[in-house]
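# Structural characterization, general
The residues making up each chain are set out below.
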Amino acid sequence: MDKQRKTILIQVGLFFLTVLTTTLAGAEWIYGRFLFLGDDIMTWSDFQAGLYFSIPLLLILTFHEFGHYFTAKYHKIKVSLPYYIPLWLGFFGSISLGTMGALIRIKDHINNRKKYFDVGVSGPIAGFVVAICFIWYGFTHLPDPSYIYEIHPEYEQYGFGNIEQAQEGKEGMTMRLGDNLIFWFFRTYVADQDKLPPMSEIYHYPILLAGYIALLFTALNLLPIGQLDGGHITYGLFGKKYHGLIARVLFTAFIFYAGLGLINVRSLEDPSMASLGEFALYLGLYIYFLFASSFSMFKKTQDRWVYAVAVMATQFVLSSFLYFEGYSGWLVFAFFVGRFLGIDHPRTIEDEQLDPGRKLIGWLALIIFVLSFSPRPLILDIPEGAF
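The paragraphs below set out a description of the structure included in this document.

Cut-offs and rules
- Residues numbered from 1 in each chain as written.
- Predicted model: local features only at pLDDT ≥ 70, side-chain atom pairs only at ≥ 80, totals over all residues.
- Heavy atoms only, no water.
- Patch = residues over 30% accessible without salt bridge, like charges linked within 9 Å, V, L, I, M, F, W, Y side chains within 5 Å.
- Areas by Shrake-Rupley, 256 points an atom, 1.4 Å probe, with all protein chains shown as cover.
- Salt bridge = Lys/Arg side-chain N within 4 Å of Asp/Glu carboxyl O.
- Lys, Arg positive; Asp, Glu negative; His and termini not counted.
- Charge placed at Lys NZ, Arg CZ, Asp CG, Glu CD.
- Buried < 20%, exposed > 50% of the residue type's maximum accessible area, 1.4 Å probe, protein only.
- Helix = DSSP H or I, 4+ residues; strand = E, 2+ residues; numbered from the N terminus.
- Polar contact = N/O pair within 3.5 Å; in protein donor to acceptor, adjacent residues only side chain to side chain.
- Contact = heavy atoms within 4.5 Å.
- Arc of directions from axis to C-beta.
- Phe/Tyr/Trp six-rings, centres within 6.5 Å; stacked < 30°, edge-to-face > 60°.
- Axes fitted to C-alpha atoms, helices over the stretch in contact; angles between N-to-C directions.
- Parallel < 35°, antiparallel > 145°, perpendicular 65-115°, else oblique.
- Left-handed = near helix turned anticlockwise from the far one by under 90°.
- Nonpolar A, V, L, I, M, F, W, Y, C, P; charged D, E, K, R; others polar.
- Expected span 1.5 Å × (residues − 1).

On to a positive patch on the surface, then. Together, Lys-3, Lys-73, Lys-78, Arg-105 and Lys-107 give the surface a local cluster of positive charge. For Lys-73, a relative accessible area of 42% gives the class partly exposed.

Take a look at the structure:
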């Protein structure tokens, strides 16, 4: 078997495996039942319902990746077909998305700023258009309230409009999706308010959940940092002279916001922080995390330590006067970008300005980032004394 045919078989195999894992993940989100765990395990009809999550999500993901692919082909850049990345955690009793996304491999060295821009911007815009179509369909075809009663029969005594009140009386934590501007618009101006569930129940609506996850992936890809799609776009718009500055400022703002909740001085009052020594160890580990996350920003080790201490100290001083919750869930992504993916963009030999049409598309992509980004995408509401 030649190498090209073997590669295609791997790509096709990964795709079908990702269809399987995303369908399993969709069924888990909808019904809260797992394939092998618990007394109430996943059924065949549950699995079929998971297709309402996997098909929209993979269609959006496929349009995104083939946006990159066909644009690269247009510019005669050697590129691979997409590699889909399956990831299912149902074996461990954890709900996942079923995938880590997909990627294509660019096999040429791109020395043209316009080509980098075109390849970078085409994927997010193609995926975003398809995502909006599914989100529109999901909000204009909401099922009757009886649908949620089949999943949560305990809600029926409260009535559909009082689901959040019913959740307040439940023991344990409640999980809800954080808003973004697009979901806010559709929930406010498009959806039938008599059928509209709260954000704490959206994950039971597979098409809307797929659209929400797609917006989240799009926003993360559009971060104007490194070799993310947003990095290609900002490099095209502003060139090598300003891209590095923009990427460093935005990365610092991102990791600053992410770590605010960990640094809040009220942590000293947390019973888990039994002593000042434990709190000092906590801060020390956090400083080391910031040091490791700034690996691609600075060549000198001492500069990384100075950066880490400066970020932590600023967070600490700010939290002494004001309470900022932040969102520590972003720290893992920030570490991945800062340590492995890199903050800077590869330099190109040809550094010509973009034409007005490309600049307009670039600014449109940055607006899509703002509309799609959710500062706190997954929120856990834990009642006092629940654990």
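Here the narrative resumes, following the displayed structure.
We now examine the environment of Phe-70. Its place among the elements puts Phe-70 in helix α3 (residues 51-74). Spatially, the C-alpha atom of Phe-70 lies 8.6 Å from that of Val-119, the residues being 49 residues apart in sequence.

Looking now at unusual backbone geometry. The bulk of non-glycine residues show a negative phi, and the bulk of peptide bonds are trans. Of note in the backbone geometry, Lys-76 takes a positive phi value of approximately 60 degrees without being a glycine. Positionally, Lys-76 belongs in the loop between α3 and β1 (83-87). Look at Lys-76 and you get exposed, because its relative accessible area is 74%.

Scanning all chains against the criterion turns up five salt bridges. Lys-195 is the salt-bridge partner of Asp-144, the closest N and O atoms lying 3.5 Å from each other. Taken together, the residues span a long stretch of sequence, with Asp-144 in the loop between α4 (113-140) and α5 (146-151) and Lys-195 in the loop between α7 (181-189) and α8 (206-221) at a distance of 51 residues. Residue class for Asp-144 comes out partly exposed when judged on its relative accessible area of 46%. For Lys-195, a relative accessible area of 24% gives the class partly exposed.

Mapped onto the fold, Thr-71 is located in helix α3. One polar contact links the side chain of Thr-71 to the main-chain carbonyl oxygen of Gly-67, over a distance of 2.7 Å. Within the structure, Thr-71 has its side chain in polar contact with the side chain of Ser-122 (distance 3.0 Å). Discounting residues that sit within four places of it in the chain, Thr-71 has contacts with Asp-118, Val-119 and Ser-122.

Quick look at a nonpolar patch on the surface now. Side chains of Leu-181, Leu-364, Ile-367, Val-370 and Leu-371 sit close together on the surface and give an oily, nonpolar patch of about 410 Å² of accessible area. Turning to its location among the elements, Leu-371 is positioned in helix α13 (residues 356-372).

This part takes up α7. Three or more residues of α7 are buried, namely Ile-182, Phe-183, Phe-186 and Arg-187. When α7 is viewed along its axis, its buried side chains cluster within an angular range of 125 degrees and face the same direction. On the buried face of α7, the contacting elements are α4, α8 and α13. Its side-chain oxygen placed 3.2 Å from the backbone nitrogen of Ile-182, Asn-180 serves as the N-cap of α7.

Here we take up the environment of Tyr-137. Looking at the secondary structure, you find Tyr-137 in helix α4. Along the sequence, Tyr-137 and Ile-207 sit 70 residues apart, while their C-alpha atoms lie 8.2 Å from each other.

Two numbers describe a pair of aromatic rings. These are the distance of the centres and the angle of the planes. For the structure on display, the rule yields 28 aromatic pairs. Relative to Tyr-212, the ring of Phe-183 has its centre 5.2 Å away and its plane inclined at 80 degrees; by these criteria the two rings are edge-to-face. Placement of Phe-183 in helix α7 and of Tyr-212 in helix α8 is noted, with a sequence separation of 29 residues between them. For the pair shown, Phe-183 and Tyr-212 are each scored as buried. Here the aromatic cluster, defined as three or more aromatic residues joined through ring pairs, consists of Phe-139, Phe-183, Trp-184, Phe-185, Phe-186, Tyr-189 and Tyr-212.

As a further point, take the packing of helix α9 (residues 229-263) against α13. As a packed pair, α9 and α13 sit with axes 10 Å apart at the nearest point and diverge in direction by 135 degrees. In terms of their interaxial angle, α9 and α13 are classed as oblique. Regarding α9 and α13, the two cross each other, and that crossing is left-handed. Contacts from Ile-233, Thr-234, Leu-237 and Phe-238 in α9 reach Lys-359, Gly-362, Trp-363, Ala-365 and Leu-366 in α13. Residues that form the contact of α9 with α13 fall into these classes: six nonpolar, two polar and one charged.

Right, let's get into α13. The end-to-end C-alpha distance of α13, which contains 17 residues, comes to 24 Å, matching closely the 24 Å that a straight helix rising 1.5 Å per residue would cover. Of the residues making up α13, those classed as buried are Gly-362, Ala-365, Leu-366, Ile-368, Phe-369 and Ser-372. Angularly, the buried residues of α13 cover 150 degrees about the axis, an arc narrow enough to put them on a single face. Residues of α13 that are exposed and point more than 90 degrees away from the buried face comprise Pro-356 and Leu-360. The elements touched by buried residues of α13 are α4, α7, α8 and α9. The backbone nitrogen of Gly-357 has a side-chain oxygen 3.1 Å away, supplied by the residue at the start of α13, namely Asp-355.

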